[in-house]
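# Structural features, examined
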Amino acid sequence: MRIAFINPIFTLVSNNDALKEFIKDSPFMYFYSQFWSGFSNGLLTLAALTPDDIESVYIDESHESIPFNENFDIIAITATTQQIMRAYAIAERFKNSPEPPCIVIGGSHASFMSDEASRHVDVVFIGEAENSWPQFLRDFRNGTWKKKYEAKDFPIVNMTEVPIPRYELLNPDHFNMIWIQSSRGCPINCEFCSATKFFGRKYRIKTEEQVLREISEARKHMKMKQILFSDDNMFCNKDRNEALLGKLKEADISFVAQADITIGENPDFLKVLKDSGCSILFIGFESLDPRNLGLMNSTNWKQEKLSRYSEYIKNITEAGIGVYGAFIVGYDYDTNETFNDLANFVTDNYLSGAQITVLTPLPGTDLRERLRKSNRVLNTGWENYTFFDVNINHPILSRKEIEQGLLKTYKAIYNQEYLNRKNQYYHQVFLRNLEGAKNE
Ligand code: SF4
């Protein structure tokens, strides 16, 4: 029996042609493109939960073509919203083959749009699949598989029991970065984000030993590549941070992690974080307008942090850790001035880089519901949900203004002049920290 695990091609930008050209030609955005075109940890984990007598093949369409002429018993596809139309096309091709395999789909889009997905495939996985996948395989062997497998019908996934993804199925030449997931869940529940809806508010973690084993296994196959933690908010659980960072230090790695801005509160913790190998923190600032931040979650969590943004960033960069900021444009109170404000904020605070994306009403989010009620979701295709294309009606800005503003901001941030200034700043920080270490 053979299973093909397929991650459909990822398109960074769909219709915003000027931005597409800029990203393609900009050496400064290389890190950014690499960051988002990683492999699917989820599929490699399902491969690890597949019995040994079944042959598993992993295909990443961003790097290799799909062998439509080969025979498989099961095609297992994962897809985000922007990948979903390609996922359906892949399903169609396999369905029309002489011996059609059973086609299954999972991931965020299919979970929130399961009725739509089930019109294109045989089986839909809703939510986390670690506990439903083995059941499906047993049902498949018995010829009794169902059309839907829902995570809520199974025990909640215990992260300490999640196996090591099968990194050996990857072609190491295709990836420069290794994605590792050490936790799931986020308690904050921002309206535009589906992380809390998909993984829940409760923070679930792998053990430090487990994380270390995963890193070591991944590096066996991928050699000395940059580690990226895919956890949406990695350091929420302060109780485990010390032990985890101690283990990461032992592993002698350089890593990038995603965190919320409160990580910048404590300079002592940042020093430990730096010592553990953290080189860059990816932080969601989202907006510089308190009214926009107020819309993002009912507790005003982000809004309350706004006045401390620069102070916390300085704490992080002074510890020698770069900050990669995530911002959203197209929020209700944005104007043409927003783009200049963002560019100035990024360069004044010496951010290592910035991801500036267009507000996107992803399925499953509270944002989609809010905008739908006021008829502000445009009738665009899912392939347009790239985060760089416009899918909403804005009360002030036209689609063109958003696209042009986005390009202008990227050009203001990703250029040689700012790169030199930023490098000079980090060099000074490095020298100061070196001097400080000598005097300790
Ligand atoms: S955007 Fe970040 S902080 Fe907000 S819910 Fe998603 S993961 Fe949590």
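So, here is what we can say about the structure in this document.

Calculation notes
Residues numbered from 1 in each chain as written. Predicted model: local features only at pLDDT ≥ 70, side-chain atom pairs only at ≥ 80, totals over all residues. Heavy atoms only, no water. Near = heavy atom within 4 Å. Nonpolar A, V, L, I, M, F, W, Y, C, P; charged D, E, K, R; others polar. Helix = DSSP H or I, 4+ residues; strand = E, 2+ residues; numbered from the N terminus. Buried < 20%, exposed > 50% of the residue type's maximum accessible area, 1.4 Å probe, protein only. Phe/Tyr/Trp six-rings, centres within 6.5 Å; stacked < 30°, edge-to-face > 60°. Pairing = 2+ DSSP bridges. Right-handed = clockwise from strand over helix to strand, strands pointing away. Axes fitted to C-alpha atoms, helices over the stretch in contact; angles between N-to-C directions. Contact = heavy atoms within 4.5 Å. Core = buried A, V, L, I, M, F, W, Y, C linked by side-chain atoms within 4.5 Å. Domains from an automatic or database assignment.

On to the site of the ligand. The local shell around the ligand consists of Cys 186, Ile 188, Asn 189, Cys 190, Phe 192, Cys 193, Thr 196 and Asp 232. Counted by class, the shell around the ligand contains five nonpolar, two polar and one charged residues.

Residues apart from glycine generally show negative phi values, whereas peptide bonds are mostly found in trans. Located in the positive-phi region is Glu 286, a residue other than glycine, with phi close to 70 degrees. Summarising the element assignment, Glu 286 is placed in strand 12 (residues 278-286). Exposure remark for Glu 286: the relative accessible area of 7% places this residue in the buried category. In this structure, Asn 375 takes a positive phi of about 50 degrees despite not being glycine. Residue placement: Asn 375 occurs in the loop between helix 16 (366-373) and helix 17 (399-413).

With that settled, the discussion passes to the packing of aromatic side chains. This structure, assessed with the given rule, holds 26 aromatic pairs. Here Phe 39 and Tyr 167 contribute two aromatic rings whose centre-to-centre distance is 6.1 Å and whose plane-to-plane angle is 80 degrees, an arrangement assigned as edge-to-face. In this pair, Phe 39 sits in the loop between helix 2 (30-36) and helix 3 (41-48) while Tyr 167 sits in the loop between strand 6 (148-150) and strand 7 (177-180), placing the two residues 128 residues apart along the sequence. The two residues Phe 39 and Tyr 167 agree in class, both being buried. Aromatic side chains Tyr 309 and Phe 345 sit 6.3 Å apart centroid to centroid with 65 degrees between the ring planes, which places their arrangement in the edge-to-face category. A residue pair is termed long-range when its members are at least 10 positions apart, and Tyr 309 in helix 14 (residues 309-318) and Phe 345 in helix 15 (residues 337-348) qualify at 36 residues.

This part covers the pairing of strand 10 (residues 226-229). Note that strand 7 and strand 10 share four bridges and pair parallel. Bridge pairing in strand 10 links Met 177 to Gln 226. Here strand 10 pairs with strand 11 (residues 255-259) via two bridges, running parallel. In the strand pairing of strand 11, Leu 228 is matched with Val 256. The parallel pair strand 10 and strand 11 is bridged by helix 10 (residues 238-251), and the resulting crossover is right-handed.

So, about the sheet that holds strand 13 (residues 322-329). If you walk across this open sheet you meet the six strands as 7-10-11-12-13-14, and the pairing is parallel. Single-partner strands in this sheet number two, and they are strand 7 and strand 14 (353-358). Averaged over all pairs of adjacent strands, the angle between their axes in this sheet comes to 20 degrees, without regard to strand direction. Summarising the sheet, strand 13 and strand 14 pair through six bridges and their orientation is parallel. Pairing of Ile 328 across the sheet is with Thr 357, part of strand 14. Against the sheet, helix 17 engages strand 13 and strand 14, with an angle of about 175 degrees to strand 14.

Soluble globular proteins tend to bury their nonpolar side chains together. Membership of the largest hydrophobic core comes to 108 residues, with the highest contact counts inside it found for Phe 136, Phe 235, Phe 255, Leu 273 and Leu 281. Residues from two domains meet in this core; each of domain 1 (2-16 + 41-153) and domain 2 (176-439) gives at least three. Setting aside residues no more than four positions away along its own chain, Phe 255 makes contact with Gln 226, Ile 227, Phe 229, Phe 235, Leu 245, Leu 248, Leu 273, Ser 276, Gly 277, Cys 278, Ser 279 and Ile 280.

Before going further, it helps to examine the side chain of Asn 297. Here Asn 297 is to be found in the loop between helix 12 (290-296) and helix 13 (301-305). If sequence neighbours within four positions are ignored, Asn 297 has contacts with Ile 188, Asn 189, Cys 190 and Lys 302.

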